[in-house]
There are 2 protein chains.
Amino acid sequence: MPRTTQTDLAVLAALSVTPMTGYALREAILDHLGAFWSESFGQIYPALSRLREAGYVEAFDGERTGSSTYRLTASGRTQLVDLMREAPVRTPPRNGMLLRLFFGDVLGARACRELVAEYRDLATRQLAELAEARRATEADDAGTSQRPYQLMTISAGEHSARAALAWADETLASLDALVAAGR
Amino acid sequence: MPRTTQTDLAVLAALSVTPMTGYALREAILDHLGAFWSESFGQIYPALSRLREAGYVEAFDGERTGSSTYRLTASGRTQLVDLMREAPVRTPPRNGMLLRLFFGDVLGARACRELVAEYRDLATRQLAELAEARRATEADDAGTSQRPYQLMTISAGEHSARAALAWADETLASLDALVAAGR
DNA sequence: ATCACCATGTAACTCGTTACATGATTCC
DNA sequence: GGAATCATGTAACGAGTTACATGGTGAT
């Protein structure tokens, strides 16, 4: 089994939709995949060099001097499908908020309340962003074959954010009860 | 702002409950925090050395030769509280399943269905584990001051897993419709 | 004795971020 | 001409995993 870079997969997948510069790639990933994926420049540029050497993408001069736009090659598309078929890599969980809450008696109910309240805000913001993304996706006439899949990922975010919200409300109530009961 | 290791926080927090060996530490983290935290030996042992040099933990000989049990010192408890008060580190999201689903037309509806079905299974397993954890926590008479907090983290897992389950069911139906409509 | 488990530790490797350096273009 | 934005790239750093090496203990 050869090496598999998660970044390669994301980059090839994004380029399969439309050719882009490295800079635009990052923006596209942030805009469209931001809820469940992220890449930084420090990953994207080395990845593009690697993929070009492997023949999976090719660069052609962009509109500006000193910028190049990348497009997927035929072998790049094959590689993309291969990478997609590999089992997703599970990132080991690391939720700093829940870690702190688990040991909440060290921190005190008041401080925990703040942690959870912040988490609730985050979920609210995510819901708003997802609503916007849903509207944009449903309005977009191009790429109708991609739309149902994109809506599924948006729905995943919505389910998750609503669950976070419900949990936060329930937990804030419990924490308030703890505070009222003399910490 | 000095360095902050996530691992230090987890280790100090776990040792605040009861003294342990490095090996037991890993088991405890896996058992009790597994749903939202993870540490490997490669992190734990160096962390223990570091923390001992800093005076945050001290080792005393364990029951076996060649094993030492670590306990939190007074300054370690102070440090623990300080670390807890720091804002949780946000891990950038990386969900390989959703990445693949977003570009689902590259992969095809059938393969996507399998991805989602696996995800559903995972959520089901998590729910079972959480039910067990809830029972164990509610039955445990020791450390009653920690119990409400532990139940909150269990509830977080339950909300999240139930949301994953609901989404998966909804999405499997959509994918079936796509397959039926001629892929 | 041998197997399973307890226990410790390190080295190699991958991944990923942040900060920095650099420069072009566009808009005002 | 100055600011914001587009664009590329690298170096330093931190975090984390896996695999390996090593040995003690307890039960059968």
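Given the structure is predicted, the values throughout are model-derived calculations rather than measurements.

**Q** How would you sum up the overall build of chain A? Please name residues and give values.
**A** Secondary structure summary: chain A contains eight helices and two strands in total. Beginning at the N terminus, the succession of helices and strands in chain A can be written as α-α-α-β-β-α-α-α-α-α. Relative to a compact globule of 183 residues, whose C-alpha radius of gyration would be 16 Å, chain A shows 21 Å and is clearly more extended. The principal-axis extents of the C-alpha atoms in chain A amount to approximately 65 × 40 × 35 Å. Sorting the 183 residues of chain A into buried and exposed places 43% on the buried side. Here the analysis covers contacts within chain A between residues at least 6 apart in sequence; of these, 57% occur between residues at least 24 apart. Between the averaged position of the 20 positive side-chain charges in chain A and that of its 23 negative side-chain charges there is a distance of 3 Å.

**Q** Account for helix α2 (residues 22–33) of chain B, with residues named and values stated.
**A** Taking 1.5 Å per residue as the helical rise, α2(B) with its 12 residues ought to reach 16 Å, and the 16 Å between its terminal C-alpha atoms agrees with that figure. Against α5 (96–102) of chain A together with α1 (6–17) and α3 (41–53) of chain B lie the buried residues of α2(B).

**Q** Tell me about the pattern of salt bridges, residues and numbers included.
**A** All names here are of chain B. For the structure on display, the rule yields 16 salt bridges over all chains. Between Glu132 and Arg135 there is a salt bridge; the shortest N-O distance is 2.8 Å. Taken together, the residues span about one helical turn, with Glu132 and Arg135 both in helix α7 (residues 109–139) at a distance of three residues. A relative accessible area of 40% places Glu132 in the partly exposed class.

**Q** Tell me what's going on with the protein's contact with DNA strand D, and back it up with residues and numbers.
**A** Taken together, 21 residues lie near DNA strand D, and A:Gly22, A:Arg94, B:Ser40, B:Gln43 and B:Thr65 sit nearest. Taken together, the sugar and phosphate atoms account for 70% of what DNA strand D places within 4 Å of the protein. Measuring from a phosphate oxygen of DNA strand D, one finds a backbone N or O atom of A:Tyr23 at 2.9 Å. Residue B:Ser38 places a side-chain N or O atom 3.5 Å away from a phosphate oxygen belonging to DNA strand D. Within the residue set of the surface near DNA strand D, elements represented by two or more residues are α2 (22–33) and α3 (41–53) of chain A together with α3 of chain B. A per-class count over the surface near DNA strand D returns three nonpolar, 14 polar and four charged.

**Q** So what about the confidence of the model for chain A? Which residues, and what values?
**A** Within chain A, residue pLDDT values average 92, and 97% of them lie at 70 or more. For chain A, the element scoring lowest by mean pLDDT is strand β1 (residues 57–61) of chain A, at 90; helix α8 (residues 147–180) of chain A scores highest, at 97.

**Q** Now, about the UniProt feature "domain: Transcription regulator PadR N-terminal" (unreviewed entry) in chain A: what can you tell me, with residues and values included?
**A** UniProt records the feature "domain: Transcription regulator PadR N-terminal" (unreviewed entry) for residues 11–80 of chain A in the present numbering. Helix makes up 56% of residues 11–80 of chain A and strand 14%, with an end-to-end C-alpha separation of 9 Å.

**Q** I'd like a rundown of the side chain of B:Thr73, residues and numbers included.
**A** Residue and element names in this part refer to chain B. Locating Thr73 in the fold gives a position in the loop between β2 (68–72) and α4 (74–85). For Thr73, the side chain forms a polar contact with the main-chain oxygen of Gly55, separated by 2.7 Å. A distance of 3.4 Å separates a polar atom in the side chain of Thr73 from a polar atom in the side chain of Ser75. Apart from the residues lying within four places of it in its own chain, the contact partners of Thr73 are Gly55, Tyr56, Val57 and Glu58.

**Q** Lay out the interface of chain A and chain B in plain terms, naming residues and giving numbers.
**A** In this complex, chain A contributes 65 residues to the contact, which on the side of chain B involves 65 residues. Both sides together, the interface formed by chain A and chain B hides about 5800 Å², and carbon and sulfur atoms give 69% of it. On the chain A side of the contact with chain B, A:Arg94, A:Phe102 and A:Tyr149 bury the most area, a combined 15% of that side's loss. Viewed at the interface, chain B and chain A are joined by two salt bridges. When the shortest N-O distance is used, the salt bridge between B:Arg94 and A:Glu39 registers 2.3 Å. Summed over the shared surface of chain A and chain B, the number is 26 residue pairs in polar contact (both at pLDDT 80 or more). Broken down by secondary-structure element, the contributors of at least two residues to the side of chain A that touches chain B are α1 (6–17), α2, α4 (74–85), α5, α6 (104–107), α7 (109–139) and α8 of chain A. The element best represented in the side of chain A that touches chain B is α8(A), accounting for 16 residues. Residues that form the side of chain A that touches chain B fall into these classes: 38 nonpolar, 19 polar and eight charged.

Rules of the game
Residues numbered from 1 in each chain as written. Chains lettered and ligands numbered in written order. Predicted model: local features only at pLDDT ≥ 70, side-chain atom pairs only at ≥ 80, totals over all residues. Heavy atoms only, no water. Helix = DSSP H or I, 4+ residues; strand = E, 2+ residues; numbered from the N terminus. Rg over C-alpha atoms; globule rule 2.2 N^0.38 Å. Buried < 20%, exposed > 50% of the residue type's maximum accessible area, 1.4 Å probe, protein only. Contact = heavy atoms within 4.5 Å. Lys, Arg positive; Asp, Glu negative; His and termini not counted. Charge placed at Lys NZ, Arg CZ, Asp CG, Glu CD. Expected span 1.5 Å × (residues − 1). Salt bridge = Lys/Arg side-chain N within 4 Å of Asp/Glu carboxyl O. Near = heavy atom within 4 Å. Polar contact = N/O pair within 3.5 Å; in protein donor to acceptor, adjacent residues only side chain to side chain. Nonpolar A, V, L, I, M, F, W, Y, C, P; charged D, E, K, R; others polar. pLDDT = per-residue confidence, 0-100. UniProt positions renumbered as here; feature names shortened; annotations may be inferred. Buried area = accessible area lost by both parts, 1.4 Å probe.

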